[in-house]
Amino acid sequence: MTSNSVTVTVAYHVTLGREADFHTWGWSMLSASARQPGFLGGGVLADGEAQWHVVYRFASEGAALAWENSSARTQWDAWAEGLARETERRRVRGSKAWFESQTLPPAPPAPPSKWKLWFVNMSAVFPPVLLFNLLVLPYLGDLNPLIRTLLLCLCVTALVTWILMPRLQRFFRKWLYPPIQALRGRHKRRTA
């Protein structure tokens, strides 16, 4: 590979149910591009169900542009119209750029909405407070209200922090953070 080589990555949003057709189209298009002077290789990559990438490399910018501006490539793009929509195109010169480019860490998931957090917190706090009031407070009736309240807070906070909230967060994870779970679910279905 020369230092002047150009790698082009084209992202596509594939129509639901047409993934196999797009896969065939991508590899057929790459076979056609392999007949062009300066072609160094390529591939078709799936990133989830709807997001796909076609990657190809040419020995020079001129060779890559010759392929992209050719009538054959225009025909291949026309054949893909019913299958997918191009969403992004990225060009990188040389091979070092792939390794030197700094990739940003993935964005943290968006926090759940306030009402969902309120619901999970109430689900964790209400049962121990109710049980404490029904089962323990009748025996502490003669105790100073300050001490009684302190005991209630200590017991409920300990139960909520170490026992209830970790379990409730695991139980409600798909509901609190749906995009992450949706991605993981797609990955598990695809590899299974």
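Source: prediction; values computed, not measured.

Peer 1: Tell me about the pattern of salt bridges, residues and numbers included.
Peer 2: Summed over the entire model, instances satisfying the criterion amount to seven salt bridges. Ionic pairing is found between Arg93 and Glu61, a salt bridge with its closest N-O pair at 3.4 Å. Remark: Glu61 occurs in helix H2 (residues 61-68) and Arg93 occurs in strand S4 (residues 84-93); sequence separation between them is 32 residues. Where Arg73 meets Asp77, a salt bridge forms, and the shortest distance between an N and an O atom there is 3.0 Å. Of this pair, Arg73 and Asp77 both sit in helix H3 (residues 71-79), four residues apart, which is roughly one turn of the helix. Classification of Arg73 as buried rests on a relative accessible area of 1%. Assessed through its relative accessible area of 32%, Asp77 is described here as partly exposed.

Peer 1: Describe the sheet that holds strand S3 (residues 51-58), naming the residues involved and giving the relevant values.
Peer 2: Reading across from one edge, S2-S3-S1-S4 is the order of the four strands in this open sheet, with antiparallel pairing throughout. Since the sheet does not close on itself, it has two edges, and those belong to strand S2 (39-47) and S4, each with one partner. Each strand of the sheet is rotated relative to its neighbour by a mean of 15 degrees, with strand direction disregarded. Here strand S1 (residues 6-14) pairs with S4 via nine bridges, running antiparallel. Within the sheet, the bridge partner assigned to Thr9 lies in S4 and is Arg90. Its contacts with the sheet place H2 against S1, S3 and S4, and it is angled at close to 165 degrees to S4.

Peer 1: Please provide a residue-by-residue account of the nonpolar core, values included.
Peer 2: Judged by nonpolar contacts, the single largest core of 22 residues is most densely connected at Tyr12, Phe22, Trp25, Val54, Tyr56 and Trp67. Breaking this core down by element, the ones donating at least two residues are S1, helix H1 (19-34), S3 and H2. In this structure Trp25 touches Tyr12, Val54, Trp76, Asp77, Trp79, Ala80 and Leu83, once residues within four positions along its chain are discounted. Membership of the second largest hydrophobic core comes to 11 residues, among which are Ala124, Phe132, Val160 and Met165.

Peer 1: Mind laying out a nonpolar patch on the surface, listing which residues take part and the relevant values?
Peer 2: On the surface, Trp115, Trp118, Phe119, Met122, Phe126, Leu130, Leu131, Leu134, Leu135, Val136 and Trp175 cluster together to form a nonpolar patch covering roughly 1100 Å² of accessible area. Here the nonpolar patch takes 10 residues from helix H5 (residues 114-136), the largest share from any one element. Mapped onto the fold, Phe126 is located in helix H5. The exposure class of Phe126 is partly exposed, given its relative accessible area of 48%.

Quick notes on the rules
Residues numbered from 1 in each chain as written. Predicted model: local features only at pLDDT ≥ 70, side-chain atom pairs only at ≥ 80, totals over all residues. Heavy atoms only, no water. Salt bridge = Lys/Arg side-chain N within 4 Å of Asp/Glu carboxyl O. Helix = DSSP H or I, 4+ residues; strand = E, 2+ residues; numbered from the N terminus. Buried < 20%, exposed > 50% of the residue type's maximum accessible area, 1.4 Å probe, protein only. Pairing = 2+ DSSP bridges. Axes fitted to C-alpha atoms, helices over the stretch in contact; angles between N-to-C directions. Contact = heavy atoms within 4.5 Å. Core = buried A, V, L, I, M, F, W, Y, C linked by side-chain atoms within 4.5 Å. Patch = residues over 30% accessible without salt bridge, like charges linked within 9 Å, V, L, I, M, F, W, Y side chains within 5 Å. Areas by Shrake-Rupley, 256 points an atom, 1.4 Å probe, with all protein chains shown as cover.

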